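Here is what each chain is made of, one letter per residue.
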Amino acid sequence: MNSTFNIWKINRNIYLKYLTDYSLEQLNLVPEGFNNNLIWNIGHIIVVQQRLVYGLSGLPMNVSDEVFQEYKPGTKPEANEPQETVELFKKLLTSSIDQTIADFESGKFQTYKELTTSKGFHLANAAEAINYNNYHEAMHLGTMISLLKFIH
């Protein structure tokens, strides 16, 4: 799992750069032809990881229900996010990795409600969910790279 965790950390550092390198206006911009923005993608990957790993393991997620509801699959940005959301996501991008690794290494993930994702991946345990999460986050990073072409 070390390589999986390493890929995840590197990817999250890329996401973190978006939060530091782009203005609040740029983070909130939904370009024509898109249904989301940079900050929504970041919130989305945070809450999906929590649901896939913690929620399906029957454990409490490390995000508020309000944040989960706002960024879960099937949602889209409803309003511009304030700077406080940027600061929250900066923390969650790294703290969620540290917590997940600690919980995984301590054996906290004992049960799992199996899931077949919308892309057809079958997840039978938390380790598989963590591996799949890297794929999911990479997909959203690709979306964000596409969004950048329309953000000045």
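For every chain, the first residue of the written sequence is number 1, and numbering continues from 1 along that sequence. It should be noted that, the model being predicted, local features are given only for residues of pLDDT at least 70 and side-chain atom pairs only at 80 or more, the latter also being counted only at that level, while totals for whole chains, interfaces and linings use all residues. As a rule here, side-chain values cover all heavy atoms of the structure and leave hydrogens and water aside.

Here's the deal with the side chain of S57
Consideration 1: The helix and strand labels rest on DSSP assignments: H or I over at least four residues marks a helix, E over at least two residues marks a strand, and numbering proceeds from the N terminus. One can find S57 in the loop between α3 (38–53) and α4 (65–71).
Consideration 2: Discounting residues that sit within four places of it in the chain, S57 has contacts with F109, T111, Y112 and A126. Two residues form a contact once any of their heavy atoms are found within 4.5 Å.

Brief notes about helix α5 (residues 83–105)
Consideration 1: Counted at 1.5 Å a residue, the expected span for α5 with its 23 residues is 33 Å, and the 34 Å between its end C-alpha atoms agrees.
Consideration 2: Bend at a given residue is defined as the angle between two axes, one fitted to the seven residues that end at that position and one fitted to the seven that begin there. Its maximal kink placed at L92, α5 deviates by approximately 25 degrees.
Consideration 3: Under the scheme applied here, a residue whose accessible area is under 20% of the maximum for its type counts as buried, over 50% as exposed, and between as partly exposed, the area being computed with a 1.4 Å probe on protein chains only. The complete set of buried residues in α5 reads T85, V86, F89, L92, L93, S96, I97, T100, I101 and D103.
Consideration 4: Of the residues trailing α5, G107 is marked for its positive phi of about 80 degrees. Expected helix span is computed as 1.5 Å times (number of residues minus one).

Re the nonpolar core
Consideration 1: Residues grouped as a nonpolar core are buried Ala, Val, Leu, Ile, Met, Phe, Trp, Tyr and Cys residues, joined through side-chain atoms within 4.5 Å. Grouped together as the largest cluster of nonpolar side chains are 23 residues, with contacts concentrated most on Y15, L19, L38, I42, I46, F89 and L93.
Consideration 2: Of all the secondary structure elements, the ones that give two or more residues to this core are α1 (2–21), α3, α4, α5 and α6 (126–148).
Consideration 3: With seven residues, α3 is the single largest residue contributor to this core.
Consideration 4: Ignoring anything within four residues of it in the chain, the contact list for F89 reads L19, I39, I42, G43, I46, V67 and Y71.
Consideration 5: In this structure, L56, I97, F109 and I130 belong to the second largest nonpolar core, which totals 18 residues.

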